[in-house]
Every structure is written in C-alpha cells, then in structure tokens.
Amino acid sequence: MSGWPGILDPDGAREHLAAWKGNIDRLAVDTQTMSDRLQELRVTVTDTNRMVEVTVDSSGSLVDLSLGERTQRVAPEVVARTIMATIREAKGQLAEKSKEIIADTLGTESVAAREIADRVEQQLTPPDPAVGDPGTSPHRW
C-alpha cells in the first residue's frame, strides 16, 4: 500500500483524504469554469476575398452569415463553396480556442483535459471535402 502512506495511522489517513477531497473540489471548480468559458465562446471569420463572414457558436453551429456585395458577381457554387470553407475555418479556430481554454482551466497534463480536447477537436474539425472528393475543391474560381 505504498500509494497510501500512513494508511494504518488514522491522522495520516485523514490528511490523505482531506488532500484528495481538496483536489476533487478544485477539479470541480476548474471544470465548471472551463464549461462556462466554452459555452460563451463564439468565433467570427471572414474569407480572404471578403465575400463571406460567418459566426459559429461554442458547439460549432452557424449563428450568423453575412454576404458581401461581391457574392452578386460570382457563380452561386463559388459562393456556396466559400461559405462552407469559411465555416470550416471558423470551426478550426473554435477548436483551437477551445483547447486553449481547456489547457488554461484543467492544464495539459490531465488525462481528462486531453480527452476533452480530443473530443472537441473531433467534433469541430470535419474532414475537408477537397481531400475526399477531387471534384469539390473549396477555392476553384
């Protein structure tokens, strides 16, 4: 029982349990802080041609879309691809900012923090269609 020094000593056991409870309490507070910060997160991205601006919320859902005047002078499929590429960029930035919040609140050494960061990245980073389908290049204009 080398992981529990003084386990047979009641005072040592109490100290160990108090320290363990303190760690659990601190983790609960940190986790709530992380959750609150993640819920508030939004990312807005404008494409390089300033044709499209999108905003995604903490879940990666599109919450705002603005189309510039230039969209009236290009083919609809170009506008559609630009919107989709800009959403992917916003979600990628959201994933990075989320990982920063997780690292700030839970640290980088925690198994739980790494697992949460991995899940966030998987959820927010959809595959690029240009990689899987050669006919859907996002910037073919």
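What you see is a predicted model; the values in this text were computed from it and never measured.

Would you explain a nonpolar patch on the surface in this entry?
A surface patch of nonpolar side chains, amounting to about 320 Å² of accessible area, comprises Leu17, Trp20 and Ile24. Mapped onto the elements of the fold, leucine 17 is located in helix 1 (residues 10-40). When its relative accessible area of 42% is taken as the criterion, leucine 17 is described as partly exposed.

Looking at this model, I keep getting lost on the sheet that holds strand 2 (residues 52-56). Mind explaining?
Across a sheet, strands are paired by hydrogen bonds formed along the backbone, either parallel or antiparallel in direction. Taking strand neighbours across the sheet as the criterion, the three strands line up as 1-2-3 in an open arrangement whose pairing is antiparallel. A single partner strand is all that each edge strand has here, and the edge strands are strand 1 (43-46) and strand 3 (62-67). Within this sheet the neighbouring strands show an average axis-to-axis angle of 10°, counted without direction. Here strand 1 pairs with strand 2 via four bridges, running antiparallel.

Got a minute to help me understand the pairing of strand 1 in this structure?
For a regular strand, the rule is simple: side chains alternate between the two faces of the sheet. Going residue by residue along strand 1, you find Val43 and Val45 tucked away on one face and Thr44 and Thr46 left uncovered on the opposite face. Hairpin connection, strand 1 to strand 2: the antiparallel pair is bridged by five residues, and arginine 50 has positive phi, about 60°.

I tried to follow the side chain of threonine 86 on my own but got confused; where do I start?
The topology assignment puts threonine 86 in helix 2 (residues 76-106). For threonine 86, a relative accessible area of 4% corresponds to the buried category. Polar side-chain contacts of threonine 86 include one of 2.6 Å to the backbone oxygen of threonine 82. Non-local contacts of threonine 86, meaning those with residues more than four positions away in its chain, are made with Val45, Thr46, Asp47, Val52 and Val54.

Whenever I open this one, the packing of helix 2 against helix 3 (residues 111-124) confuses me. Can you help?
Two numbers describe a pair of packed helices, the interaxial angle and the distance between the axes. Relative orientation of the contacting elements helix 2 and helix 3 amounts to 170°, with a least axis distance of 9 Å. By the angle between their directions, the pair helix 2 and helix 3 is classed as roughly antiparallel. Within the contact between the two elements, helix 2 uses Lys91, Gly92, Leu94, Ala95, Ser98, Lys99, Ile102 and Leu106 and helix 3 uses Ala113, Ile116, Ala117, Val120, Glu121 and Leu124. Residues belonging to the contact of helix 2 with helix 3 are distributed by class as follows: nine nonpolar, two polar and three charged.

Rules used in this analysis
- Residues numbered from 1 in each chain as written.
- Predicted model: local features only at pLDDT ≥ 70, side-chain atom pairs only at ≥ 80, totals over all residues.
- Heavy atoms only, no water.
- Patch = residues over 30% accessible without salt bridge, like charges linked within 9 Å, V, L, I, M, F, W, Y side chains within 5 Å.
- Areas by Shrake-Rupley, 256 points an atom, 1.4 Å probe, with all protein chains shown as cover.
- Salt bridge = Lys/Arg side-chain N within 4 Å of Asp/Glu carboxyl O.
- Helix = DSSP H or I, 4+ residues; strand = E, 2+ residues; numbered from the N terminus.
- Buried < 20%, exposed > 50% of the residue type's maximum accessible area, 1.4 Å probe, protein only.
- Pairing = 2+ DSSP bridges.
- Axes fitted to C-alpha atoms, helices over the stretch in contact; angles between N-to-C directions.
- Polar contact = N/O pair within 3.5 Å; in protein donor to acceptor, adjacent residues only side chain to side chain.
- Contact = heavy atoms within 4.5 Å.
- Parallel < 35°, antiparallel > 145°, perpendicular 65-115°, else oblique.
- Nonpolar A, V, L, I, M, F, W, Y, C, P; charged D, E, K, R; others polar.

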